Amino acid sequence: MTTREFHFSIDRGGTFTDVFAQVPDGKGGSAYKVLKLLSEDPSNYPDAPREGIRRVLEQVTGSSHPRHAPLDTSRIASIRMGTTVATNALLERAGERTALVVTAGLRDLLHIGNQSRPNIFDLRIASPQPLYEAVVEVDEAVMLPLGTEPGPRNGPTPQLNPSIPCPGKRVVGTTGEEVCVRKEPDLQRLEQDLQAVLASGINSIAVVLKHAAIYPEHERLVGQLASKMGFKQVSLSHAVMPMVKMVPRGFTAAADAYLTPHILRCEAGTQEHRCRRQVGAVQVEAK
């Protein structure tokens, strides 16, 4: 049985790809190889991480590993790869065309953001453009009724809080708290709005609904509809970042929808060119 003795750690950046390899030294121990390659060099190789692995295998084993043939991974124990592809795409605004799907009335929420800025008293505020280029509002409503126990939500004197009736159904949220579903999402109207987004060429959406961290059912319904319609990337805020605060949850979901397709394309390219499947798969970790 072939011993798996090669371990690769790869950092794929926007300009260079660095390869660090732990390899057998032929004496029962280990040696180390370091390579630096251009991340994009299509005239010489189709994929930089795969090319780095190929060169190391060829140098150490003395066996030929053709550049455009699948790699023999029978002696590779692990491949760990980190990348700045997402960071570069974010800085260069080179991500996927994205739309924001948000609770009706809150279309400007992420554009307004919060008070986190370098100079809070600056009268001239320059804010970056949002990652999404279109907004679709969902006609739905969920509220969190006040309870009778003192606490952060109900205050120290809950008996003095006004009683607001729940016009819809009462359900229990993920935290065990009572949630009032005032209006179910209008999926028929939403489908029409999403169809217009699809027709414009946008295939990625971030779904950010009010109180979705506690009651995610409405986001799930929207996600199921969008996936059925053919959207390739559907980022649900409660799944991406399950926190109560809607603004940071929305920022994270928007970034996920904007960057994930770009990352998956790079990963697919690496997987396509990297290796031949064999019994006893190589352990591959993405960082």
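Residues numbered from 1 in each chain as written. Predicted model: local features only at pLDDT ≥ 70, side-chain atom pairs only at ≥ 80, totals over all residues. Heavy atoms only, no water.

Draft legend 1. Structural detail: the pairing of strand 11 (residues 233-236). The sheet contact formed by strand 10 (residues 204-208) and strand 11 spans four bridges and is parallel. Counterpart to Ala206 in the pairing with strand 11 is Ser235. For the crossover that starts at strand 10, traverses helix 5 (residues 217-229) and ends in the parallel strand 11, the hand is right-handed. (Pairing = 2+ DSSP bridges. Helix = DSSP H or I, 4+ residues; strand = E, 2+ residues; numbered from the N terminus. Right-handed = clockwise from strand over helix to strand, strands pointing away.)

Draft legend 2. Spotlight on the packing of aromatic side chains. Evaluation of the coordinates by the stated rule reveals two aromatic pairs. The interplanar angle of 15° and the centroid separation of 6.3 Å between the aromatic rings of Phe6 and Phe8 together place this pair among those described as stacked. For the residue pair Phe6 and Phe8, the accessibility class agrees, reading buried in each case. For the pair Phe20 and Tyr32, a centre-to-centre distance of 5.6 Å together with 20° between the ring planes defines the contact as stacked. Here Tyr32 lies in strand 3 (residues 30-38) and Phe20 lies in strand 2 (residues 16-24), a separation of 12 residues in the sequence. (Phe/Tyr/Trp six-rings, centres within 6.5 Å; stacked < 30°, edge-to-face > 60°. Buried < 20%, exposed > 50% of the residue type's maximum accessible area, 1.4 Å probe, protein only.)

Draft legend 3. Just the pattern of salt bridges, in detail. All chains considered together, the criterion is met by 15 salt bridges. Between Lys36 and Asp18 there is a salt bridge, and its shortest N-O distance comes to 2.7 Å. Taken together, the residues Lys36 in strand 3 and Asp18 in strand 2 connect sequence positions 18 residues apart. Lys36 sits in the exposed class, given a relative accessible area of 53%. Note that Glu96 and Arg265 form a salt bridge whose closest N and O atoms lie 3.1 Å from each other. Pair noted here: Glu96 is in the loop between helix 2 (85-92) and strand 5 (98-103) and Arg265 is in helix 7 (residues 246-274), with a separation of 169 residues, a long-range link. What emerges from the salt-bridge pattern is a single network uniting Glu51, Arg54, Arg55, Glu58 and Arg67. (Salt bridge = Lys/Arg side-chain N within 4 Å of Asp/Glu carboxyl O.)

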